[in-house]
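Each chain is listed here by its residues.
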Amino acid sequence: DHARARGDVDKGEAEIVTSRKELNEIESQCASELKGSALGKSGKRIGILLEDEARFIVRDALKFPSGASRCEMRVIGKTEYDGPNGVAALCVADGRFVMREIYRHATRSWELETVRGRRESGQTSRQAVRAEVKQELGYPVKRMQRLGMIRPDSAVMSSILEIFLVELGKGPRRDEPEDSEAFGRIHRLTYRELGRKILHGEVHDSYTIGALALAQLKGLVRISGRAGASSRE
């Protein structure tokens, strides 16, 4: 529903144009902006441009309270219709944050991040967290606590991720990485160590920084480095 909201210029919002007459006018006005369309000079320029199993890439024609109009693109996750598009889990064990390196295609670099992944349709957020923790770290989940929600990039992405603080259980580590992902080393960091890596630009993932901020605001992490989920499922 949130992705389909049209907006209303009379309420000061950016309104999605749906009438064919206005669409044609705005498409003509935005012609110079649309020259870079991946669909080619004569291809579709407004609406759903690209689609895969996980997301839509959409270009909307918009009108603004000022009277101006323009075309803007956004990315919509396909599982948003029945819940958050994904989850992220700030994992702790023995008072240390447990994170893993992953080589990200988008940045073409190694990133040190909290566990995260897409929630499948029909799956609860907690089920998604357990699946992602097992896949990326290989540890059982002892307990988890919901921290809140994060929009990773509200300028481009419509998706919302649900964030959890997860206490890992004991036992031998048996991760199950997908063949299409490139994982590196696992790091176990105190609060101070993670803070230094963020300040020095070694960790710049928005989910990790957002999850840490939420945990701090809820009083679940302390400068001493101890952290843990305080409520069972």
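Below is a short write-up of the structure. Every chain begins its residue count from 1, and numbering advances along the sequence as written. Totals for whole chains, interfaces and linings use all residues, but because this is a predicted model, local features are given only for residues with pLDDT of at least 70 and pairs of side-chain atoms are given and counted only at 80 or more. Neither water nor hydrogens contribute to the side-chain values; these are computed over all heavy atoms in the structure.

## Points about the overall build of the chain
Then step 1. Helix and strand assignments follow DSSP, with helices taken as H or I runs no shorter than four residues and strands as E runs no shorter than two, numbered in order from the N terminus. The number of helices and strands found in the chain is 4 helices and 11 strands.
Then step 2. Counting only C-alpha atoms and orienting by the principal axes, one finds that the chain spans roughly 65 × 40 × 40 Å.
Then step 3. A total of 233 residues make up the chain; the buried ones form 44% of that total.
Then step 4. Here, residues are in contact when the closest pair of their heavy atoms is within 4.5 Å. Pairs at least 24 residues apart make up 63% of the contacts formed inside the chain by residues separated by at least 6 positions.
Then step 5. To measure how exposed things are, a 1.4 Å probe is used in the Shrake-Rupley method; for residues, cover is taken only from the protein chains shown. Looking at the chain as shown, the accessible area adds up to about 13,000 Å², and 48% of this sits on carbon and sulfur atoms.
Then step 6. Counted charges follow a simple rule, with Lys and Arg positive, Asp and Glu negative, and His plus the chain ends left uncounted. In plain terms, the charge of a residue is placed at NZ if it is Lys, CZ if Arg, CG if Asp and CD if Glu. Charge-centre separation for the chain: the mean point of 41 positive side chains lies 4 Å from the mean point of 35 negative side chains. Residue burial is assigned from relative accessible area. The probe radius is 1.4 Å, only protein chains are included, and a residue is buried under 20% of its type maximum, exposed over 50%, and partly exposed in between.

## Let's talk about the layout of surface pockets
Then step 1. A 1.4 Å probe that fits but cannot get out identifies a cavity on a 1 Å grid over protein atoms alone, an open set with protein on both sides within 12 Å along at least five of seven lines counts as a pocket, and a residue lines either if it has an atom within 4 Å of a point. Grid points are joined across faces, edges and corners, and a volume is the space filled by probe spheres set on the points. Space inside the largest pocket adds up to approximately 1,400 Å³.
Then step 2. If you go around the largest pocket, you meet 39 residues; those closest to its centre are R55, R104, R116, G117 and R118.
Then step 3. Examining the composition of the lining of the largest pocket, we find that 5 residues originate from one element, helix α2 (residues 125-136), more than from any other.
Then step 4. Polar here means any residue other than Ala, Val, Leu, Ile, Met, Phe, Trp, Tyr, Cys and Pro, which are nonpolar, and Asp, Glu, Lys and Arg, which are charged; Gly is therefore polar. Within the lining of the largest pocket, the residues separate by chemical class into 14 nonpolar, 12 polar and 13 charged.

## Remarks on the nonpolar core
Then step 1. Remark: nonpolar core denotes a set of buried residues (Ala, Val, Leu, Ile, Met, Phe, Trp, Tyr, Cys) joined through side-chain atoms within 4.5 Å. F97, L147, I163, L194 and L212 are the most contacted members of the largest nonpolar core, which totals 23 residues.
Then step 2. Breaking this core down by element, the ones donating at least two residues are β5 (86-93), β6 (96-104), β9 (141-150), β10 (161-168), α3 (191-199) and α4 (206-217).
Then step 3. In terms of residue count, the dominant contributor to this core is α4 (5 residues).
Then step 4. Grouped together as the second largest cluster of nonpolar side chains are 16 residues, A89, C91, A128 and L168 included.

## Some points on the packing of α3 against α4
Then step 1. Where α3 meets α4, the axes come as close as 12 Å, and the angle between the chain directions of the two elements is 135°. Our classification of the angle between α3 and α4 gives oblique. Between α3 and α4 lies a crossing of left-handed hand. Where α3 abuts α4, its residues Y191, L194 and I198 lie against I209, L212 and Q216. All axes are obtained by fitting lines to C-alpha atoms, using only the stretch in contact for helices, and the reported angles, taken between N-to-C directions, cover 0 to 180 degrees. For this classification, under 35 degrees means roughly parallel, over 145 means roughly antiparallel, 65 to 115 means roughly perpendicular, and everything else is oblique. Here a crossing is taken to be left-handed if its near helix is turned anticlockwise relative to the far helix by less than a right angle, and right-handed if that turn runs clockwise.

## Some remarks on the environment of R96
Then step 1. Locating R96 in the fold gives a position in strand β6.
Then step 2. Look at R96 and you get partly exposed, because its relative accessible area is 35%.
Then step 3. Linking R96 and S121, residues 25 residues apart in sequence, is a C-alpha distance of 32 Å.

## Some details on the pairing of β6
Then step 1. Sheet topology places β5 next to β6; 3 bridges connect them, and they run antiparallel. The residue bridging V92 from the neighbouring strand is F97, located in β6.
Then step 2. By definition, two strands form a pair when at least two bridges between them are found by DSSP. Counting the residues between successive antiparallel strands, the hairpin from β5 to β6 contains 2 residues, one of them, D94, with a positive phi of roughly 55°.
Then step 3. As judged from the 5 bridges shared by β6 and strand β11 (residues 183-189), these two strands associate in the antiparallel manner. Following the sheet pairing, R100 is matched in β11 by I186.
Then step 4. Relative to strand β7 (residues 109-113), β6 runs antiparallel, the two being bridged by 5 bridges. Each residue of the ladder has a partner; that of R104, found in β7, is S109.
Then step 5. Taking the residues between adjacent antiparallel strands as the criterion, β6 and β7 are bridged by 4 residues, where R108 takes a positive phi near 55°.

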